Amino acid sequence: RRTPPLMRAYLERIGAEFELLVPVRRASHRGLFLELYYCDRTTGLTPEQIAVADRLAPMLAAALARDELAEEHALLVGELRRAESGRRRSEERFRHMIDRVPVAVYEVDLEGYITFYSPGDDLLGYTRKEWTEDPEKLWEACIHPDDHDWVISAYDEALQRGRPFRARFRMQSRDGRRTLWVHEVERVTHDAQGRVKTRQGVGIDITAEVLAEQSRLETEHRYRTLIEQ
């Protein structure tokens, strides 16, 4: 008798005798209810039926939570895939760039082993496979004999002291017919405790600049000699 007239009319229209509202207690849906209709007017609502309704509410909450988690998971997977695709495209562009410029890029760990090496547009006559198999050994072998000892000594000292390595030296091609001038520059990265973490560097082909400078100096020397004579 306490049922509001509009609700009574609604129940009569759908053929229901009782309506039971069970709150589904979820933080994201504070106003969500499980609405149950009973059509048997002879028995009424028994305690067993109310107990079943109470058990249905957390089951519904769990089902909704599962579906929402599935949606969030799908969105997250989509975002990760897009991010991974973007990362791969960015990495491909970066590798495409450094593979075609006269610059060697590398990274060295705490023990002095090269963890990343890209020889760029190799002018020394070695294949990429040869560079990636043992880049450190090949780098040492390519240093010009007249520069080899002081370059290795300077690099070992920089490695021991945890300082960047900077040098300009010559390297020889595989057949020994071509000599390249290289300007190598390093930066040192540190961890949270201030210890050296990695050493990252580039080796730049400056042969054209060095030859131009040498030509300029030779020309100046010839003119100076001519004037003095």
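Since the model is a prediction, treat every value here as computed from it, not as a measurement.

Caption draft 1: Summary view of the pattern of salt bridges. One pass over the structure, following the stated rule, counts nine salt bridges. R88 is the salt-bridge partner of E84, the closest N and O atoms lying 3.5 Å from each other. Remark: R88 and E84 occur in helix 2 (residues 47–98); sequence separation between them is four residues, near one turn of the helix. The partly exposed category is assigned to E84, whose relative accessible area is 31%. Take R88: its relative accessible area is 41%, and that puts it in the partly exposed class. Several salt bridges share partner residues, and in doing so they unite E84, R87 and R88 into one network.

Caption draft 2: Inspection of the sheet that holds strand 3 (residues 103–108) at higher detail. An order of 4-3-7-6-5 is seen for the five strands of this open sheet, with the pairing classed as antiparallel. In this open sheet, the two edge strands, each paired with only one partner strand, are strand 4 (114–118) and strand 5 (166–172). Pairs of neighbouring strands in the sheet enclose a mean axial angle of 20 degrees, with direction left out of account. Relative to strand 6 (residues 179–190), strand 5 is paired through seven bridges, and the arrangement is antiparallel. Bridge pairing in strand 6 places A167 opposite E184.

Caption draft 3: Spatial organisation of the side chain of E184. The residue E184 is located in strand 6 in this model. Buried and unpaired, E184 has R199 as its nearest opposite-charge partner, separated by 8.5 Å. There is a polar contact of 2.9 Å between the side chain of E184 and the side chain of Y106. The residues touching E184, leaving out its near neighbours within four places in the chain, are Y106, W139, F165, R166, A167, F169, V202 and G203.

Criteria and thresholds
Residues numbered from 1 in each chain as written. Predicted model: local features only at pLDDT ≥ 70, side-chain atom pairs only at ≥ 80, totals over all residues. Heavy atoms only, no water. Salt bridge = Lys/Arg side-chain N within 4 Å of Asp/Glu carboxyl O. Helix = DSSP H or I, 4+ residues; strand = E, 2+ residues; numbered from the N terminus. Buried < 20%, exposed > 50% of the residue type's maximum accessible area, 1.4 Å probe, protein only. Pairing = 2+ DSSP bridges. Axes fitted to C-alpha atoms, helices over the stretch in contact; angles between N-to-C directions. Lys, Arg positive; Asp, Glu negative; His and termini not counted. Polar contact = N/O pair within 3.5 Å; in protein donor to acceptor, adjacent residues only side chain to side chain. Contact = heavy atoms within 4.5 Å.

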